[in-house]
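Single-letter residue listing:
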Amino acid sequence: MDRAAHLDSLHRTHDAKPPKQELRSALLGGPRRANAIKRAATLRLHSTLAAEARLATARRRGALTAASCRTDAWLARLAATLAHHRRAAVALLDQRNAYSQ
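Below is a short write-up of the structure. If you're wondering where the values come from, they're calculated on a predicted model, not measured in any experiment.

Summing up its helical and strand segments, the chain has five helices and zero strands in all. Going from N to C terminus, the chain has its helices and strands arranged as α-α-α-α-α. Here the C-alpha radius of gyration of the chain, 21 Å, is well above what a compact globule of 101 residues would show, namely 13 Å. Within the chain, the proportion of its 101 residues that are buried is 19%. Across the chain, contacts joining residues at least 24 apart in sequence account for 44% of those joining residues at least 6 apart. When the accessible surface of the chain is totalled, it reaches about 7700 Å², and 57% of it is carbon and sulfur.

Pairs may arise between side chains of opposite charge once their charged atoms sit close together. For the structure shown, the criterion picks out one salt bridge. Linking Arg-60 and Asp-72 is a salt bridge whose minimum nitrogen-to-oxygen distance equals 2.8 Å. Of the two residues, Arg-60 is situated in helix H3 (residues 31–63) and Asp-72 in the loop between helix H4 (66–69) and helix H5 (73–100); the sequence distance between them amounts to twelve residues.

Below, the discussion takes up the environment of His-6. Structurally, His-6 can be placed in helix H1 (residues 3–13). Measuring from C-alpha to C-alpha, the distance between His-6 and Leu-43 comes to 29 Å, with 37 residues separating the pair along the chain.

With respect to the element layout, His-46 can be found in helix H3. Judged by relative accessible area, His-46 falls into the buried class, the value being 14%.

Conventions and cut-offs
Throughout, a residue's number is its position along its own chain's written sequence, starting from 1. In keeping with the predicted nature of the model, local features appear solely for residues at pLDDT of at least 70, side-chain atom pairs appear and are counted solely at 80 or more, and the whole-chain, interface and lining totals rest on all residues. Processing note: side-chain calculations cover all non-hydrogen atoms of the structure and skip hydrogens and water entirely. A run of H or I in DSSP counts as a helix once it spans at least four residues, and a run of E counts as a strand once it spans at least two, with each numbered from the N terminus. We compute the radius of gyration from the C-alpha atoms alone; for a globule the expected value is 2.2 Å times N to the 0.38, where N is the number of residues. With a 1.4 Å probe rolled over the protein chains alone, any residue whose accessible area is under 20% of its type maximum counts as buried; one over 50% counts as exposed, and the rest are partly exposed. Only heavy atoms matter for contacts: two residues are in contact if any of them lie within 4.5 Å across the pair. To be clear on the numbers: accessible area is Shrake-Rupley with a 1.4 Å probe, and residue cover counts the displayed protein chains and nothing else. In the sections that follow, a salt bridge refers to a side-chain nitrogen of Lys or Arg positioned within 4 Å of a carboxyl oxygen of Asp or Glu.

Below you can see the structure in the form of structure tokens.
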């Protein structure tokens, strides 16, 4: 069944709005493709946010003295944000690599 027929069937079987998950799946060509697109978008988001946090951390570290780096709360939050987004991106990459093997 092609996308248009599946979408037509989905609208005919529901009186109200079709469930979001089924609609998303119908529009994107099936649940496997929809999940792959979702994972790729999530990976791109975490990669972008990690790059921004790395740049902000480097700028903040450059603006501080060596002694004040240890006690700077903003720098600590930036480092934690960077670690979170890197960890999430690596986990998604590992998951993608596990699926491809």
